[in-house]
Amino acid sequence: MTDKTPNPRFAARSNARMLAVQALYERTMDPKTTLDLVHDALEHRIPKGMRNEVDVKLFGDLLTAVVDRQDALVEMIRGHLSKEWTLERLDLVVVAILKLGLAELLTDLKTPSKAIINDYVSIANSFFDGKEPGFVNGLLDAAARKIRPQDFTAHV
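Report follows, based on the coordinates.

## A short note on the overall build of the chain
Of regular secondary structure, the chain possesses 7 helices and 0 strands. Beginning at the N terminus, the succession of helices and strands in the chain can be written as α-α-α-α-α-α-α. Counting only residues that meet the buried cut, the chain has 40% of its 156 residues in that class. If you sum the accessible surface of the chain, you get close to 9200 Å²; carbon and sulfur atoms cover 56% of it.

Put into structure tokens, the structure is as follows:
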């Protein structure tokens, strides 16, 4: 029999990613500094007794990476869109998920690409019932193959 209990470290990382998506979406409505976003999350979104269930460092690192690489991330997303799609046509939550996924692929070289992509697809599934999770998967996978091709080479 296998233990179905999720690894607390992985759960904390997933929770940080979800929280970062929410914070980044919130930032599109009310521009805030990264420090303010982290502070607001700690004060209002994560109850004090549950802070060990969120990788707060990853949360802050993700938001910082997105803010620091904003223009490059937007260009990466645009570069993976078909000619009939524009960034402005995408749902803001999808854009937040894509920016965070791309930022993590660029900055966290210890976590396998597939693990990062799978988690952001799961996050997309929590927000959308339609084609958005597949879109997130396709774009992040295509980008990851360019950013980190070594993660996709067959090991013989």
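On we go.
## Topic: helix α4 (residues 70-79)
The periodicity of an α-helix, 3.6 residues per turn, causes residues three or four positions apart to be oriented the same way. Buried within α4 we find Leu73, Val74 and Ile77. Seen along its axis, α4 keeps its buried residues to an arc of 100°; they face one direction. Facing away from the buried side of α4 by more than 90 degrees, the exposed set consists of Asp71 and Gly79. Of the surrounding secondary structure, the elements contacted by the buried residues of α4 are α3 (56-68), α5 (92-107) and α7 (132-147).

## Overview of the pattern of salt bridges
Scanning all chains against the criterion turns up 10 salt bridges. With a closest N to O distance of 3.7 Å, Asp55 and Arg13 form a salt bridge. In this pair, Asp55 sits in the loop between α2 (34-45) and α3 while Arg13 sits in helix α1 (residues 8-29), placing the two residues 42 residues apart along the sequence. Classification of Arg13 as buried rests on a relative accessible area of 9%. When salt bridges with common partners are traced through the structure, they connect Arg13, Arg17, Asp55, Glu104, Asp108 and Asp119 into a single cluster.

## Some details on the environment of Asp141
Take Asp141: it is sitting in helix α7. Residue Asp141 is classed as partly exposed on the basis of its relative accessible area of 22%. Between the C-alpha atom of Asp141 and that of Ser113, which follows or precedes it by 28 residues, the distance is 8.1 Å. With near-sequence residues (within four places) excluded, Asp141 lies in contact with Ile117 and Phe152. There is a polar contact of 2.8 Å between the side chain of Asp141 and the side chain of Arg145.

## Concerning the packing of α5 against α7
At a closest axis distance of 10 Å, the pairing of α5 and α7 adopts a crossing angle of 25°. Our classification of the angle between α5 and α7 gives roughly parallel. For the element pair α5 and α7, the recorded crossing hand is right-handed. Listed contacts from α7 to Val94, Ile97, Leu98, Gly101, Leu102, Leu105 and Leu106 of α5 are Glu132, Phe135, Val136, Leu139, Leu140, Ala143, Ala144 and Ile147. Tallied by class, the residues present in the contact of α5 with α7 amount to 13 nonpolar, 1 polar and 1 charged.

How each quantity is defined
- Within each chain, residues carry numbers counting from 1 in the order of the written sequence.
- With the structure being a predicted model, the display of local features is reserved for residues of pLDDT at least 70 and the display and counting of side-chain atom pairs for 80 or more, all residues being used for whole-chain, interface and lining totals.
- Derived side-chain values reflect all non-hydrogen atoms in the structure, with water molecules and hydrogen atoms excluded from consideration.
- Secondary structure elements follow DSSP: runs of H or I no shorter than four residues count as helices, runs of E no shorter than two count as strands, and numbering proceeds from the N terminus.
- For the exposure calls, accessible area comes from a 1.4 Å probe over protein chains only, and a residue counts as buried if that area is under 20% of its type's maximum, exposed if over 50%, partly exposed in between.
- Shrake-Rupley sampling with a 1.4 Å probe provides the accessible areas, and residues are treated as covered by the protein chains on show and by no other component.
- To be clear, the arc concerns the directions from the helix axis to the C-beta atoms.
- Only heavy atoms matter for contacts: two residues are in contact if any of them lie within 4.5 Å across the pair.
- Definition used for salt bridges: Asp or Glu carboxyl oxygen within 4 Å of a side-chain nitrogen of Lys or Arg.
- Within 3.5 Å is the distance limit for a polar contact, defined as a pair of N or O atoms, with the added protein rule that one can donate a hydrogen and the other accept it, and that residues adjacent in sequence qualify only through two side-chain atoms.
- Orientation is described by lines fitted to C-alpha atoms, with helices fitted over the stretch in contact, and by angles between N-to-C directions that extend from 0 to 180 degrees.
- Oblique is the label for any angle not covered by the other classes, which are roughly parallel (under 35 degrees), roughly antiparallel (over 145) and roughly perpendicular (65 to 115).
- Left-handed is the label given to a crossing in which the near helix is rotated counterclockwise from the far helix by less than a right angle, and right-handed is the label when the rotation is clockwise.
- Three classes are used: nonpolar for Ala, Val, Leu, Ile, Met, Phe, Trp, Tyr, Cys and Pro, charged for Asp, Glu, Lys and Arg, and polar for all others, with Gly counted as polar.

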